[in-house]
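Chain by chain, the residues run as shown.
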Amino acid sequence: MSDIGPVDPGHAADAAWLRRWRLRADGDLLVTASSTLQPVRTARGEPAMLKVARLEEEARGNGLLVALAGRGAARVLRWDGHAVLIERATGGRDLVRMVQEGEDDEATRILVATAERLHRATPAVLALEPVPELVDLRTWFRELFARADDLTPLHRRGADVAARLLDDPRDEVVLHGDLHHGNVLDFGTHGWLAIDPKGLIGESTFDLCNPLCNPSHERALLPGRLARQFAVAAEASGVEAGRLADWLLAWCALSSAWFAADDDPQHAASAAAIGELALGLGRDDGA
């Protein structure tokens with residue numbers, strides 16, 4: 001959420017949704033590269049968050065939130081295309097703070113449990129008429145496949161591993177697509193729930209990779225940190241360590257390719273560095 005910043009409180013589109021849904025602002029209007037966010041109170045005084053998507057992938061994620069119906073994700077109160085009103089997280093716990101305070105292992109376990117809860121909703125989501133729009137992982141990896149030869153050997157290897165994994169899919173489920181410490185929040189009596197899904201479909205292990213690169217690349221690259229959290233995630237999920245290591249490599253190569261395309265060489269390099277570490281994980285001989 002580091003790209004959030006204040007915008008003009010008179011933002012016309014969001015003001016229209018406030019009127020339409022009888023909401024009152026309950027905090028500053030914020031904007032990200034993909035959405036505008038307004039803490040609100042409903043007509044009944046309930047704390048909620050109004051999100052208006054600025055990109056199609058965010059609008060797709062809104063549709064998945066509706067389909068999940070509170071199963072592992074924030075409950076949707078109202079929805080209309082690009083605009084969604086969701087319950088607001090009011091619990092006092094925070095996964096980023098947990099990591100900073102020495103509870104890294106527990107934060108990873110919470111992220112794994114949240115992913116599993118979301119994935120268990122797959123049959124219910126796919127039974128809906130119509131099925132919400134979902135993007136398959138092969139399409140999601142298209143940037144890496146297109147750019148791998150123009151980047152580094154790590155990207156080429158990541159692309160090859162991704163292609164192999166995608167040719168042999170396992171446990172295909174509805175995926176969050178952007179699971180990390182800032183996208184799983186404390187909803188009090190409702191527990192830990194996810195926000196801001198991307199709306200993907202593919203192998204469940206994919207959703208375990210982004211948490212290992214977070215809450216920041218700097219944290220992920222601390223000596224011994226990736227190996228420890230990798231082991232925690234593998235144990236908590238029951239996923240074969242070699243399979244998780246392969247998906248982590250593929251994810252890091254994709255993430256790095258995206259950062260390179262966005263002209264962000266620092267994060268492209270750090271994502272690739274995590275991928276290099278992933279090459280040494282999931283093998284008994286450490287090779």
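Just so we're clear, the structure is a prediction, and the values are computed from it rather than from any experiment.

Quick look at the pairing of strand 7 (residues 83–87) now. The buried fraction of strand 7 amounts to 5 of the 5 residues, a majority that puts the element mostly inside the structure. Strand direction decides the pairing type here: strand 5 (residues 47–53) and strand 7, joined by 5 bridges, are antiparallel. Residue pairing for strand 7: Val52 is matched across the bridge by Ala83. The pairing of strand 6 (residues 76–80) with strand 7 spans 4 bridges and is antiparallel. Across the sheet, residue Arg78 finds its bridge partner in strand 7, namely Leu85.

All told, the structure shown has 21 salt bridges when counted by the stated rule. In this structure, Asp167 engages Arg138 in a salt bridge whose closest nitrogen and oxygen atoms are separated by 2.9 Å. Here Asp167 is found in helix 8 (residues 153–167), whereas its partner Arg138 is found in helix 6 (residues 137–140), with 29 residues between them in sequence. Taking relative accessible area as the criterion, Asp167 reaches 59% and is therefore assigned exposed. The exposure class of Arg138 is partly exposed, given its relative accessible area of 37%. Put simply, Asp168 and Arg243 hold a salt bridge, and the shortest N to O gap is 3.8 Å. Pair noted here: Asp168 is in the loop between helix 8 and strand 9 (172–175) and Arg243 is in helix 12 (residues 241–261), with a separation of 75 residues, a long-range link. Taking relative accessible area as the criterion, Arg243 reaches 7% and is therefore assigned buried. Here the residues in one salt-bridge network are Lys51, Glu57, Glu58, Asp196 and Lys198, joined through shared partners.

What follows deals with the environment of Arg157. Along the chain, the position of Arg157 falls in helix 8. When the C-alpha positions of Arg157 and Ala253 are compared, they lie 8.3 Å apart, and in sequence the two are 96 residues distant. Those residues in contact with Arg157, other than ones at most four positions away along the chain, are Leu249 and Leu279.

Tallying each qualifying case throughout the model produces 1 cavity of 30 Å³ or more. Lining the largest cavity are Gly177, Asp178, Leu179, Phe206, Asp207, Asn210 and Trp251. Here the lining of the largest cavity is built from residues that sort into 3 nonpolar, 2 polar and 2 charged.

A few words now on the packing of helix 12 against helix 13 (residues 265–278). Packed helices, taken two at a time, are described by their axes: the angle between them and the distance between them. Direction vectors running N to C along helix 12 and helix 13 enclose 165°, while the axes themselves pass 8 Å from each other. The angle between the axes of helix 12 and helix 13 places the two elements in the roughly antiparallel class. Relative to helix 13, helix 12 is oriented so that their crossing is left-handed. Contacts from Ala245, Leu248, Leu249, Cys252, Ser255, Ser256, Phe259 and Ala260 of helix 12 reach helix 13 at His267, Ala268, Ala271, Ala272, Ile274, Gly275 and Ala278. Residue composition of the contact of helix 12 with helix 13, by class: 11 nonpolar, 4 polar and no charged.

A few words on the packing of helix 4 (residues 104–120) against helix 11 (residues 225–237). The N-to-C vectors of helix 4 and helix 11 enclose an angle of 40°; their axes lie 9 Å apart at closest approach. Between helix 4 and helix 11, the interaxial angle falls into the category oblique. The crossing of helix 4 and helix 11 is right-handed. On helix 11, the residues that touch Asp104, Asp105, Thr108, Arg109, Val112 and Glu116 of helix 4 are Arg225, Arg228, Gln229, Val232, Ala233, Ala236 and Ser237. Along the lines of polarity and charge, the residues of the contact of helix 4 with helix 11 split into 4 nonpolar, 3 polar and 6 charged.

Calculation notes
- Numbering of residues begins from 1 in every chain and follows the order in which that chain's sequence is written.
- Residues qualify for local features only when their pLDDT is at least 70, as the model is predicted, and side-chain atom pairs are given and counted only at 80 or more; totals for whole chains, interfaces and linings, by contrast, use all residues.
- Based on all heavy atoms of the structure, the side-chain values leave hydrogens and waters out of the count.
- Classification of residues uses two cut-offs on accessible area relative to the type maximum, computed with a 1.4 Å probe and protein chains only: under 20% is buried, over 50% is exposed, and between them is partly exposed.
- Note on conventions: DSSP H or I runs of at least 4 residues are helices, E runs of at least 2 residues are strands, and numbering of each starts at the N terminus.
- Here, a strand pair is defined by DSSP locating no fewer than two bridges between the strands.
- A pairing counts as a salt bridge when a side-chain nitrogen of Lys or Arg comes within 4 Å of a carboxyl oxygen of Asp or Glu.
- Pairs of residues are marked as contacts when any of their non-hydrogen atoms sit within 4.5 Å.
- Cavity means a closed set of points on a 1 Å grid over the protein atoms alone, one where a 1.4 Å probe fits but cannot get out, pocket means an open set with protein on both sides within 12 Å along at least 5 of 7 lines, and lining means a residue has an atom within 4 Å of a point.
- Grid points are joined across faces, edges and corners, and a volume is the space filled by probe spheres set on the points.
- Gly is placed with the polar residues, together with every amino acid not listed as nonpolar (Ala, Val, Leu, Ile, Met, Phe, Trp, Tyr, Cys and Pro) or charged (Asp, Glu, Lys and Arg).
- Axes here refer to lines fitted to C-alpha atoms; in helices the fit is confined to the stretch in contact. Angles between the N-to-C directions go from 0 to 180 degrees.
- Throughout this description, any angle smaller than 35 degrees is read as roughly parallel, any larger than 145 degrees as roughly antiparallel, any in the 65 to 115 degree range as roughly perpendicular, and the remainder as oblique.
- Crossings are assigned a handedness: left-handed for a near helix turned anticlockwise from the far helix by less than a right angle, right-handed for a clockwise turn.

Keep in mind these values describe shape, not function.
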